[in-house]
Amino acid sequence: MVERDRLYHSIAERWSLGERTSERVSRYIIKRLVQLVAVLFGITFLTFLLTYLSPGDPARLMLMSTGITPTDELVMQVRTQLGLDQPFWMRYGTWLGQVLQGDFGTSYKYDRPVVDILLSRLPATLRLTGSAMLIVIMISFPLGILSAIYRNKWLDYAIRLFSFAGLSMPSFWLGMLLMLLFGVQLKLLPVMGSTGWNSLILPTCTLAVPLIAQYSRQIRAVMLDEMSQDYVSGARSRGVKERQVIMHHILPNALLPIVTLMGMSTGTLLGGAAIVESLFVWPGVGQMAVDAIFTRDYPLIQGYVMWMATIYVTLNLLVDLWTHLRDPRIRLEVDV
């Protein structure tokens with residue numbers, strides 16, 4: 001009878017703990033969603049203000065891009081059509097009201113809805129992001145693990161030298177070197193555009209090399225930190241094989257900071273690596289943003305900023321939730 005009461009009490013405690021955990025996670029998600037709205041509002045306001053204060057006339061630039069001579073009367077007519085003659089607060093309020101209805105405006109340059117342009121450019125950026133992150137994971141994890149296992153050996157020095165070189169090279173310089181070697185001299189790969197799977201290789205490598213260098217260093221650091229923990233010494237003293245210690249004990253605990261880093265890197269790539277996409281004329285979101293800045297395409301710039309901010313906040317939320325589920329000892333900040 002006593003044992004049965006203890007069993008019931010244990011089950012009740014676990015059920016109560018599960019409900020409290022679920023309630024805590026729900027409160028945390030709601031809090032972060034509220035923060036997301038506040039962050040998006042602040043970012044869009046600052047971006048709208050900066051574009052308003054920036055030099056240059058979008059109406060004049062739009063006319064010049066279409067080959068029309070921008071006379072003063074024609075420029076004034078286009079400014080009136082685009083609403084550029086209105087005060088700042090009225091323009092921002094009109095734009096914000098349209099955004100709340102799901103309308104991000106119409107691009108000045110392309111004369112198409114901003115959402116349609118973003119969606120048309122997104123698949124190319126997704127392909128580039130997916131291929132780059134796949135290569136990063138496949139190469140950086142073995143390099144980081146080997147560098148930690150063979151600490152202060154020649155292999156460790158070689159990997160650290162590669163990491164130092166990879167982090168030191170600017171992406172545009174690395175991209176031009178790859179274009180010169182594989183595109184111009186060897187004539188093995190296309191250097192511009194998106195014409196097939198082989199056109200994905202050079203921009204992917206350009207994005208992946210700095211990330212591989214960064215990740216291998218980070219993985220080495222966290223692996224060495226975990227190797228010095230008491231539970232590793234205990235596992236080794238029990239006769240557990242070194243490979244099992246690394247794969248089943250050290251590596252799972254070392255993944256927590258790496259996943260956080262991966263979330264931020266993925267957000268950067270999904271936002272479009274503007275330099276790399278412009279260098280290889282890759283039809284992604286990053287190149288679109290650069291073109292929009294040069295042509296003063298304010299609605300397209302605002303849509304891009306909203307996309308970037310949403311990605312970062314959402315990925316940060318998902319990483320925090322995954323970290324909490326992976327290690328419940330890490331408490332979520334739900335105090336308001």
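Residues numbered from 1 in each chain as written. Predicted model: local features only at pLDDT ≥ 70, side-chain atom pairs only at ≥ 80, totals over all residues. Heavy atoms only, no water.

## As for the environment of Met 192
For the record, the criterion: Helix and strand assignments come from DSSP, with helices taken as H or I runs of at least 4 residues and strands as E runs of at least 2, each series counted from the N terminus.
Position of Met 192 relative to the elements: it lies in the loop between helix H7 (171-185) and helix H8 (201-227). As a C-alpha pair, Met 192 and Leu 279 span 87 residues in sequence and 7.9 Å in three-dimensional space.

## Some words on the layout of surface pockets
Unoccupied space between atoms shows up once a probe the size of one water molecule is rolled over them. We apply this condition: For cavity detection a 1 Å grid was placed over the protein atoms alone, and a set of points counts as a cavity when a 1.4 Å probe fits there but cannot get out; an open set counts as a pocket when protein lies on both sides within 12 Å along at least five of seven lines, with lining residues being those that have an atom within 4 Å of a point. Grid points are joined across faces, edges and corners, and a volume is the space filled by probe spheres set on the points. Charged means Asp, Glu, Lys or Arg here, nonpolar means Ala, Val, Leu, Ile, Met, Phe, Trp, Tyr, Cys or Pro, and polar covers whatever is left, Gly included.
One number sums up the size of the largest pocket: a volume of about 350 Å³. Secondary-structure elements contributing two or more residues to the lining of the largest pocket are helix H3 (72-82), helix H4 (88-100) and helix H13 (298-326). Residue contributions to the lining of the largest pocket peak at four residues, all from H4. In the lining of the largest pocket, the residues fall into seven nonpolar, eight polar and one charged. Considering only enclosed or pocket space, the second largest pocket measures out at about 160 Å³ in volume.

## Digging into the packing of aromatic side chains
Put simply, the rule is: Planes of paired rings set the category: under 30 degrees apart is stacked, over 60 is edge-to-face and the rest tilted, where pairs are Phe, Tyr or Trp rings (Trp by its six-membered ring) whose centres lie within 6.5 Å. The buried label goes to any residue with under 20% of its type's maximum accessible area, the exposed label to any with over 50%, and the partly exposed label to all in between, with areas taken from a 1.4 Å probe on protein chains only.
Scanning the model with the defined rule gives four aromatic pairs in all. Measuring from ring centre to ring centre gives 5.5 Å for Phe 45 and Tyr 92, while their planes differ by 80 degrees; the resulting arrangement is edge-to-face. Remark: Tyr 92 occurs in helix H4 and Phe 45 occurs in helix H1 (residues 2-53); sequence separation between them is 47 residues. A residue is classified by how much of its surface remains accessible, and Phe 45, at 23% relative accessible area, is partly exposed.

## Observations regarding the packing of helix H5 (residues 114-149) against helix H12 (residues 285-294)
The line we're drawing: Convention adopted: a line fitted to C-alpha atoms gives each axis, helices being fitted over their contacting stretch, and angles between N-to-C directions are expressed from 0 to 180 degrees. Note that the term roughly parallel is reserved for angles under 35 degrees, roughly antiparallel for angles over 145, roughly perpendicular for angles of 65 to 115, and oblique for everything else. Between two residues, a contact is recorded if the distance between any of their heavy atoms is within 4.5 Å.
For the pair H5 and H12, the least separation of the axes is 8 Å and the interaxial angle reads 135 degrees. Judged by the angle between their axes, H5 and H12 are oblique. Residues Ile 117, Leu 118, Arg 121, Leu 122 and Thr 125 of H5 form the contact with H12, whose participating residues are Val 285, Gln 287 and Met 288. Looking at the contact of H5 with H12 residue by residue, the classes come out as five nonpolar, two polar and one charged.

## Quick notes on the side chain of Ser 163
Selection criterion: In protein, a polar contact means a hydrogen-donor-capable atom and an acceptor-capable atom, both N or O and within 3.5 Å, with residues adjacent in sequence counting only if both atoms are side-chain atoms; elsewhere, any N or O pair within 3.5 Å suffices.
Within the secondary structure, Ser 163 is located in helix H6 (residues 154-168). In terms of polar contacts, Ser 163 uses its side chain to reach the side chain of Ser 216, at 2.8 Å. The residues touching Ser 163, leaving out its near neighbours within four places in the chain, are Ala 213, Ser 216 and Arg 217.

## As for the confidence of the model for the protein chain
The criterion, for reference: Here pLDDT means the predictor's own confidence in every residue, given as a number from 0 to 100.
Mean pLDDT over the protein chain: 77, with 84% of residues reaching 70 or higher. In the model of the protein chain, H1 stands out as the element of lowest mean pLDDT, 66, in contrast to H6, which has the highest, 88. Long-range and interchain partners of residues 11-18, a stretch whose pLDDT sits below 50, account for zero contacts in this model, where long-range means more than four residues apart.

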